[in-house]
Each structure stands twice: as C-alpha cells, then as structure tokens.
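# Survey of secondary and tertiary structure
Chain by chain, the residues:
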Amino acid sequence: MNKIKWHEWSTMSGVPWVCRRCIRALAQPLNRQFIRLASSDVRLNLPLVLLQRARNITVEHDKLATELEKDFDSKLAKRLGELSRVATALKEWEAARSSIQELNAMLHSQDAELRQLAKDELSVTNENFDTLATTLSASLTPRDPFADMPCLIEVRPGPGGMEGRYFADAVFRMYRQYCARMGLRVNILKYELADGGESSGGASEAPLQEAVLEVMDTGAYDVFRGEAGIHRVQRVPSTERSGRTHTSAVAVWVLPSFPENENNMPNEQSFNDPNSIFYVDPKEVREEKMRSSGAGGQHVNKTESAIRLTHEPTGITVSMQDSRSQHRNRADAWSVLRSRIGQRRREERDEEVQALRNSVLSKDKVTRGDKIRTYNYSQDRCSDHRSGLDVHNLPDVLIGGETLSRIMESTKEWLTKRDIEGLIAEEEATAAAAEKQAKKAKR
C-alpha cells in the first residue's frame, strides 16, 4: 500500500497517518536508561496540590460512571456532570504529557530527519500542554453559584458632578448596545434622569441619576460579573471652555436576577424558600406609595404609581417609578430588593473564605471602592486595571463593539487566575492543617 493509499485509508478509518520512517524508528526498542531520562524531562506545569485534587475527582467521576451503568440515579447523574469537566481536562492534560515524553525520546534518535520532526512537533505540543494546564486549573475552581442566572446591571454616577451623570448614561448605553450585538434579551427596569439636566453635546448623553438593566438570558451573570466596580472617565466636557480635562467616575453593580420560571432555579436561589439567601420576609419590608416625578407625561405627579421599598433590618431601599402601573413598579422593586439583599448575604457568608484567600490575593483583589477601568478620550484609550489590557479604539468600546468584548474576555481571564490562586491557597491550607493534625495524633 503506497503512502497516498495509506493516508486515504487512515482518514476514512479514523487512524492518524504516520510516515513509514517514523514507524520504523518507533518500532526500534529503546533502552531503559533512555526511557527513564525522557520521562524526567517533562516539566510539571501544574501545582501538585491541584494535580492531586484533579486525580481524586477523576477517581470519583469514574466510580460514579460505573455505578450509573448498573442503575440510573438522577442525583448521581447530576454529580457526574459536575465532575466531568475536571475528568476530561485531566485526561487531555495527561495525554499531552505522554506525547511530550514520546517526542523527547525521539529527540535522541539516530535519524536526523526524525529528530527534526520531533523538535518541530514538540514546540507545538508544549504550547498546547500549557494551555491544557490552565484549562485543568480553571476546571478545578468552584463555579460561581449565580453563574447560570440572569442578572441586573445597575449604573449610578459617582464623583464628578454633572459630568459623572453624563458618562453614566454612556456606560448604560454601552451595555445595552453590547447586549443587542450579542443577541441578549434585556428589559429596562429603571431609567431615571437628574432634575434640571439637559442632553450634552454630540454624544446626546443625558444626565443619568440611576438605571437598572435586566439581562434576562440564562448565564448573563457569568458574562457581566467582571464589570462590577468603579469606571473612571477622563475627558473634556462639552461645557468646558478652557479645554481642561475632567475626571469623573461611574459605579456599576452586577447582581443575580431571577429566571422567568422560578422552577428553573436551584433551591438556594429560590426567593420563596426561607432558607434561601434571597428570601425576604414581607413583614420586614416597609412599602411607601408616592407620586412619580420627572419627565413622563400627564400621569406624572397625578397618580401614586411610584413605589419605595425599605428593608428595615438592613436599611436597603429601592424605589421604582418607570411604569404607569403601580403593580409593575412594585414587582420590579421587589426583584431589585431581593437581588441586593441576596448579594449582601452572600458577601457576608463568604467573608471567612475571603480571609483565607486575601493572604494570596491581597495584591490583586479589587473592591468596589477601587477603579477597575479608565476611559481616556484624549488618548482614544480604554484600560482595564485588573487584566492590564490597553486598547486604543474607544468609540468601538462605547458602542459595545468587538473591542469591549476583548476587554471583558481579559477580565474573565483575570478572574480565573484569581480563582486558581485562591484554590491553591485553600488546598495548601487544608494540607497543612491535615499534616498538623497528624503530628498531634502521633504524640
């Protein structure tokens, strides 16, 4: 069978094509000393604590798979699905590591052509090996409990006076246009302008007091969670005659929202379950009916359609007046109130875990009080201060274009890196505690 026919047969049968020279070289026996040296040449690009964790999870995965073959159980099947990401990533990583061992062996071949082939293939495989290590590490990090939920994006002006309000409107429109480009369904729950403000310059920005955008698609929280924080803008306002650059800021909150069908939510995220962090006792909420204010037509200031809810134990207040329907305003206010309370309870619950992670993440940790991104108009630049990415196509960022997608993707990579570092800290702390306990037992 000549080489062409062999290649055609291997393609049809799914067998990878290998040249005859490589087959003859691989068929030659290798001495044991060489094999031992080749396996030690493969660098370990993964912390041992993570590798051991991945192997333990894979053992559990394989055991569950065997049990499910005998008797199906929905809970075991769900657990198997949760573990499969790690098991698959580990198998791919180990396969790449094995390939590197074989290629290292071929580097010592007496055939010069085979050595060159192995050298060329080794550079590609090593690069893929590093990518697989990152994928495996990321698969081990705990998935955000709200990752699969829709979300609420709240935008409010920060320091900077009226200029901050104008840029808040620009940020709100940026996310709205991004959702339109990505085909995400949105609903404007609140869009409130400051009294006495006028639209500015050519950008047609309005002085925004507060806006809440609901992104209704499943998984929206995971898409936007990295956008929470302080967004800083540096530009010359349209009203500035001397050309002086002003600096102002906008605060963005990203909160989990509720699917249209509550049955699709995990129990922890059900707002009717008293054990859920989203549960709010109606007895603890004070409701006030008010007349709407601002621009809006004849119904403004004539009907008490606006609703203000105050959660008395925490002091969290939400007001809604966008709809002419009091019932709709009440429903929207309750949705935002539950999300804010749930987010606060989650942060309080995670304080103990964060205390452990802060020892590793203290240099990288970004809180809401820190600026996460700067939009510099004069330099046509947008900089993310967490991932370190600088881009120079600011107009495309502000219309929610591909450049914004690049920035958001870099932020997700930074979040993954932070989660991996936190996981390593937890695993090392657990191992140290176990070792300390073992020493005490021996005494």
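Just so it is clear, the structure is predicted and the values come from calculations on it, not from any experiment. (Residues numbered from 1 in each chain as written. Predicted model: local features only at pLDDT ≥ 70, side-chain atom pairs only at ≥ 80, totals over all residues. Heavy atoms only, no water.)

As a further point, take the overall build of the protein chain. Broken down by element type, the protein chain carries 12 helices and 11 strands. Here the protein chain holds 443 residues, and the buried ones make up 41% of them. Here the analysis covers contacts within the protein chain between residues at least 6 apart in sequence; of these, 63% occur between residues at least 24 apart. For the protein chain, the accessible area works out to roughly 25,000 Å², and carbon and sulfur atoms hold 49% of it. (Helix = DSSP H or I, 4+ residues; strand = E, 2+ residues; numbered from the N terminus. Buried < 20%, exposed > 50% of the residue type's maximum accessible area, 1.4 Å probe, protein only. Contact = heavy atoms within 4.5 Å. Areas by Shrake-Rupley, 256 points an atom, 1.4 Å probe, with all protein chains shown as cover.)

On to the pairing of strand 7 (residues 306–311). In regular strands, side chains alternate between the two faces of the sheet. The buried fraction of strand 7 amounts to five of the six residues, a majority that puts the element mostly inside the structure. The pairing of strand 6 (residues 285–290) with strand 7 spans six bridges and is classified as antiparallel. Along strand 7, the bridge assignment pairs V285 with H311. As defined by bridge partners, strand 7 adjoins strand 8 (residues 316–320) across five bridges and the pair is classed as antiparallel. Paired with T310 across the bridge in strand 8 is T317. Between the end of strand 7 and the start of strand 8, which pair antiparallel, lie four residues, with G315 showing a positive phi angle near 80 degrees. (Pairing = 2+ DSSP bridges.)

Between its first and last C-alpha atoms helix 7 (residues 161–182) spans 32 Å; for 22 residues at 1.5 Å apiece the expected length is 32 Å, and the two agree. A positive phi of about 75 degrees marks G183, the residue just after helix 7. (Expected span 1.5 Å × (residues − 1).)

Pairing in this open sheet of eight strands is mixed, and the strands run 2-3-1-5-4-9-10-11 from one edge to the other. Every interior strand has two partners, whereas the edge strands, strand 2 (186–193) and strand 11 (390–391), have only one. Of the strand pairs in this sheet, strand 10 (residues 381–384) and strand 11 are connected by two bridges, and their pairing is antiparallel. Along strand 11, the bridge assignment pairs C382 with V391.

Moving on to the pattern of salt bridges. Inspection of the entire model under this criterion finds 27 salt bridges. Ionic pairing is found between R79 and E82, a salt bridge with its closest N-O pair at 3.4 Å. Of this pair, R79 and E82 both sit in helix 5 (residues 74–106), three residues apart, which is roughly one turn of that helix. Given a relative accessible area of 44%, E82 falls into the partly exposed group. In this structure, the salt-bridge partner of D384 is R373, at a minimum N-O distance of 3.0 Å. You can see D384 sitting in strand 10 and its partner R373 sitting in strand 9 (residues 371–376), a full 11 residues away along the chain. Per residue, the accessibility class of D384 equals that of R373, and both read buried. In this structure, a network of salt bridges that share partners links the residues E154, R156, K190, E192, E210 and R340. (Salt bridge = Lys/Arg side-chain N within 4 Å of Asp/Glu carboxyl O.)

All right, on to the sheet that holds strand 8 then. In space, the three strands of this open sheet follow the order 6-7-8, with antiparallel pairing throughout. At either end of the open sheet lies a strand with only one pairing partner, and these are strand 6 and strand 8. The sheet shows a mean angle of 15 degrees between the axes of neighbouring strands, taken without regard to direction. (Axes fitted to C-alpha atoms, helices over the stretch in contact; angles between N-to-C directions.)

Before going further, it helps to spend a moment on the packing of aromatic side chains. One pass over the full model with this rule turns up six aromatic pairs. Plain terms: the ring middles of W93 and F129 are 5.4 Å apart, the flat faces sit at 25 degrees to each other, and that makes the pair stacked. Taken together, the residues W93 in helix 5 and F129 in helix 6 (residues 112–140) connect sequence positions 36 residues apart. These aromatic residues form a ring-pair network of at least three members: Y175, Y178 and F224. Sitting over the face of the ring of W253, R156 holds its NZ or CZ atom 4.5 Å from the ring centroid. The lysine or arginine in question, R386, covers the ring of W414, its NZ or CZ lying 5.8 Å from the ring centre. (Phe/Tyr/Trp six-rings, centres within 6.5 Å; stacked < 30°, edge-to-face > 60°. Lys NZ or Arg CZ within 6 Å of the ring centre and 35° of its normal.)

Turning next to the confidence of the model for the protein chain. Summary statistics for the protein chain give a mean pLDDT of 79 and a share of 77% for residues scoring 70 or more. Contacts of residues 29–40 to residues separated by more than four positions or lying in other chains number 10 contacts, the stretch itself having pLDDT below 50. (pLDDT = per-residue confidence, 0-100.)

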